[in-house]
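An overview of the molecular structure
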Amino acid sequence: MTGKKKQKAESAASSAGESSFTKRSIVILGSTGSIGRSTLEVLDEHPGRFEVVALAAYSDVNRIIEQAAKVHPKYIYMGDPVAAEFLQGEPIGRECEILTGKESIAALAALPEVEMVVNALVGAAGLMASLAAVENGKYLALANKESLVVGGSLFEDIAQRTGAKILPIDSEHSAIWQCLSAGRDSEVRRLILTASGGPFRQLDKSEFKNVTREAALNHPTWKMGPKVTIDSATLMNKGLELIEAVWLFSIPPEMVSIVVHPQSIVHSMVEYIDSSVVAQMSAPDMKLPITYALFWPERLPSEFGRLDFSELGELTFAKPDIEKFPAINLAYNAAVMGGTAPAALNAANEVAVDAFLLGRIGFTQITDIIEKTLMNHQVVDKPSLLDIMEADSRSRELAETFVN
Ligand code: MG
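As the structure is a prediction and not an experimental result, all values here were calculated from the model.

So, on to the overall build of the chain. The number of helices and strands found in the chain is 17 helices and 11 strands. Here the C-alpha atoms of the chain give a radius of gyration of 21 Å, agreeing with the 22 Å that 2.2 N^0.38 yields for 404 residues. For the C-alpha atoms alone, the extent of the chain along its principal axes is close to 70 × 60 × 50 Å. Put simply, the chain has 404 residues, and 52% of those count as buried. Partitioning the intrachain contacts of the chain with sequence separation of at least 6 by distance along the chain shows that 68% fall at a separation of at least 24. For the chain, the distance from the average site of its 37 positive side-chain charges to the average site of its 51 negative ones is 4 Å.

In structure tokens form, the structure reads like this:
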């Protein structure tokens, strides 16, 4: 075998080695939420392929006891110290180490025996865990889009240094990731993110001020947690996903388009320079992108999201109404402003969504508050983690004053 051929064979052998694993050890952050529960359902379908080292949740003690009885983790983290104390006194407290306190969650993501971290935490709180996972060279299966929105610039260098890989669980980004294997990066013309349009796609703008919490929480195609469901109703979810795509695929914001596709069958697309468009499709079921990330780089036989084209009916595509949904432009502007601007946008959005869920503000005020916060934000370019954390807390305070 010539030197060159040998090298080729070796690299083929090593990539073959990479393409299968017997057992993967994982940590599931946000295990009692919608994505966490779906992740555990996927694991259940593939017994023996994963060892769950830790589960982390905020306060749902009943559900975490149920989950732990099934997967026997070494550690359980509860964000709420009262919940952690409760678990200590339960039988589960003798079987697992119960942790609480913000530092513990990053420590779980950094555990040496862990190969993969599933981050399904809600909001900017997920950033430290994502950074810890990447810093320690893990596979980061990422559902917490806020990590990249807030701290995207921090990840690139670290991942290169440590060999960590970010594997998106967000259905749109999983779709783009899959579509990108059809060509070279230099051949990409643009990424096309699809948006369901949320529950108010057809509602007249004059009715927006009367939108109730219940109506906003009723998403037509996807079943998700309350934060992302409200984000979907304002279309801020798509705005955040645009910023997420910029960091995940190292692409400028002007190369990302958004198209409304109410059936949620095409999960996103990639247009190449020859005008070919490659799309990824399935029935809307988060267990498909979760399975793809968990087993990457393998594709496993699985039925989640399987399509019956004869039953599908029509698929439609339309331009988003940016008058009705100012969130898309706000996010685009924050992406172009760069630096700490996306962190400010995200912080204001978290405060405003919370305030809306608590009945403190109306639906249209969510984007008003984000716009005002962004306008008052002093952008720090090439921010450090400290700059980002400061931008986050200052923007929260500012948004809170607008809520009041
Ligand atoms: Mg999504």
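Now that the structure has been shown, the text picks up again.
Our next topic: the domain arrangement of the chain. Often, the extent of an interface is quoted as the loss of accessible area upon association of its parts. Segmenting the chain into domains produces domain 1 (4-169) and domain 2 (186-282 + 321-398). On a C-alpha basis, the centroid separation for the pair domain 1 and domain 2 is 25 Å. At the junction of the two partners, domain 1 supplies 19 residues and domain 2 supplies 23 residues. It is K145, V149 and V150 in domain 1 that bury the most area against domain 2; as a group they hold 35% of the surface buried on that side. For the pair domain 1 and domain 2, the interface holds two salt bridges.

The next thing to look at is the environment of F21. Mapped onto the elements of the fold, F21 is located in the loop between α1 (3-18) and β1 (24-29). On the accessibility criterion, F21 (12% relative accessible area) is buried. Sequence separation between F21 and P47 is 26 residues, and the spatial gap between their C-alpha atoms is 14 Å. Ignoring any residue separated from it by four or fewer positions in sequence, one finds F21 in contact with R49, F50, L294, F295 and E298.

Around a metal, the perfect tetrahedron of four donors has angles of 109.5 degrees, and the perfect octahedron of six donors has angles of 90 or 180 degrees. For the magnesium ion, the full set of protein donor atoms is D170 (OD), E172 (OE) and E241 (OE), and the range of their distances to it is 2.1 Å. Mapping the donors of the magnesium ion onto the primary sequence yields the spacing D-x1-E-x68-E. Comparing D170 with E172 shows no difference in burial state: the two are buried.

Two elements in contact, helix α11 (residues 226-234) and helix α12 (residues 236-248), have axes separated by 5 Å at closest approach and are oriented at 95 degrees. One element, α11, and the other, α12, form an angle in the roughly perpendicular class. Taking contact as the criterion, the partners of K227, V228, D231, S232 and T234 in α11 are, on α12, M236, N237 and L240.

The next point concerns the packing of helix α14 (residues 327-337) against helix α16 (residues 363-375). At a closest axis distance of 10 Å, the pairing of α14 and α16 adopts a crossing angle of 20 degrees. Taken together, α14 and α16 sit at an angle that is classed as roughly parallel. You can see that α14 and α16 cross each other, and the crossing is left-handed. Note on element contacts: α16 touches α14 through T367, I370, E371 and L374, opposite A327, L330, A334 and M337. Taken together, the residues of the contact of α14 with α16 break down into six nonpolar, one polar and one charged.

Under the counting rule described, the total for this entry stands at 22 salt bridges. Residues K145 and E241 are paired through a salt bridge, measuring 3.0 Å at the closest nitrogen-oxygen approach. Remark: E241 occurs in helix α12 and K145 occurs in helix α8 (residues 145-162); sequence separation between them is 96 residues. Take K145 and E241: they sit in the same class, and that class is buried. D392 serves as the salt-bridge partner of R396, at 2.9 Å between the closest nitrogen and oxygen. In this pair, R396 and D392 are both assigned in helix α17 (residues 385-403), four residues apart and thus about one turn of the helix distant.

Attention now goes to the sheet that holds strand β8 (residues 188-195). The strand order across the open sheet built from four strands is β9-β8-β10-β11, with neighbouring strands paired in mixed fashion. In the strand order of this sheet, the two ends are held by β9 (256-260) and β11 (277-281), each with one partner. Neighbour-to-neighbour, the strand axes of this sheet turn through a mean angle of 20 degrees, independent of strand direction. With five bridges joining them, β8 and strand β10 (residues 266-272) adopt antiparallel strand pairing. Pairing of V188 across the sheet is with Y272, part of β10. Sheet strands in contact with helix α9 (residues 171-179) are β8, β10 and β11, and its direction is about 40 degrees off that of β10.

Bringing the packing of aromatic side chains into the picture now. Inspection of the entire model under this criterion finds nine aromatic pairs. Taking the centre distance of 5.3 Å and the plane angle of 80 degrees together, the rings of F200 and F363 count as edge-to-face. On the criterion of sequence distance, the pair formed by F200 in the loop between β8 and α10 (213-216) and F363 in helix α16 is long-range, its members being 163 residues apart. Given the relative accessible area of 6%, F200 is considered buried. Owing to a relative accessible area of 4%, F363 belongs among the buried residues under this scheme. An angle of 65 degrees between the planes, with centres 5.7 Å apart, marks the rings of F356 and F363 as edge-to-face. Overall, the relative accessible area of 3% leaves F356 in the buried class. Three or more aromatic residues joined by ring pairs form one cluster here, namely F200, F208, F325, F356 and F363.

Residue placement: P252 occurs in the loop between α12 and β9. With 84 residues separating them in the primary sequence, P252 and V336 have C-alpha atoms 8.3 Å apart.

Compared with the 24 Å implied by 1.5 Å per residue over 17 residues, the 24 Å span of helix α15 (residues 341-357) between its first and last C-alpha is a close match. The element α15 is largely enclosed, with a buried count of 16 among its 17 residues. At the C-terminal side of α15, G359 shows a positive phi close to 75 degrees.

How each quantity is defined
- In this convention, every chain numbers its residues from 1, walking through the sequence in written order.
- In keeping with the predicted nature of the model, local features appear solely for residues at pLDDT of at least 70, side-chain atom pairs appear and are counted solely at 80 or more, and the whole-chain, interface and lining totals rest on all residues.
- The side-chain values count all of the structure's non-hydrogen atoms but skip hydrogen atoms and water molecules.
- Secondary structure elements follow DSSP: runs of H or I no shorter than four residues count as helices, runs of E no shorter than two count as strands, and numbering proceeds from the N terminus.
- The reference for a compact globule is 2.2 Å times residues^0.38; the radius of gyration itself is calculated from the C-alpha atoms.
- Here's how the labels work: a residue is buried when its accessible area is under 20% of the maximum for its type, exposed when over 50%, partly exposed in between, all with a 1.4 Å probe on protein chains only.
- What makes two residues a contact is simply this: any of their non-hydrogen atoms within 4.5 Å.
- The charge count treats Lys and Arg as positive and Asp and Glu as negative. His and the chain ends do not count.
- Positions of charges follow a simple convention, taking NZ of Lys, CZ of Arg, CG of Asp or CD of Glu.
- Where a domain begins and ends is set by an automatic assignment or by a domain database.
- Note on definitions: buried area is the accessible-area loss of two parts on being combined, 1.4 Å probe, summed for both.
- The working definition used for a salt bridge is a side-chain nitrogen of Lys or Arg within 4 Å of a carboxyl oxygen of Asp or Glu.
- Coordination here is defined by N, O and S atoms within 2.8 Å of the metal (3.2 Å for Na, K and Ca), and since water is not considered, a site can look incomplete.
- To get an axis, fit a line to the C-alpha atoms, keeping to the stretch in contact for a helix; angles then go from 0 to 180 degrees between the N-to-C directions.
- Roughly parallel refers to an angle under 35 degrees, roughly antiparallel to one over 145, roughly perpendicular to one between 65 and 115, and oblique to any angle outside these ranges.
- Crossing handedness follows the turn of the near helix against the far one: under a right angle anticlockwise gives a left-handed crossing, and clockwise gives a right-handed one.
- Just so you know the grouping, Ala, Val, Leu, Ile, Met, Phe, Trp, Tyr, Cys and Pro go in nonpolar, Asp, Glu, Lys and Arg go in charged, and all remaining residues, Gly too, go in polar.
- Being paired, for any two strands, means DSSP has found at least two bridges between them.
- Here the aromatic set is Phe, Tyr and Trp, taking the six-membered ring for Trp, and pairing holds for ring centres within 6.5 Å; pairs whose planes are under 30 degrees apart are stacked, those over 60 apart are edge-to-face, and all others are tilted.
- Helix span is expected to be 1.5 Å times the residue number reduced by one.

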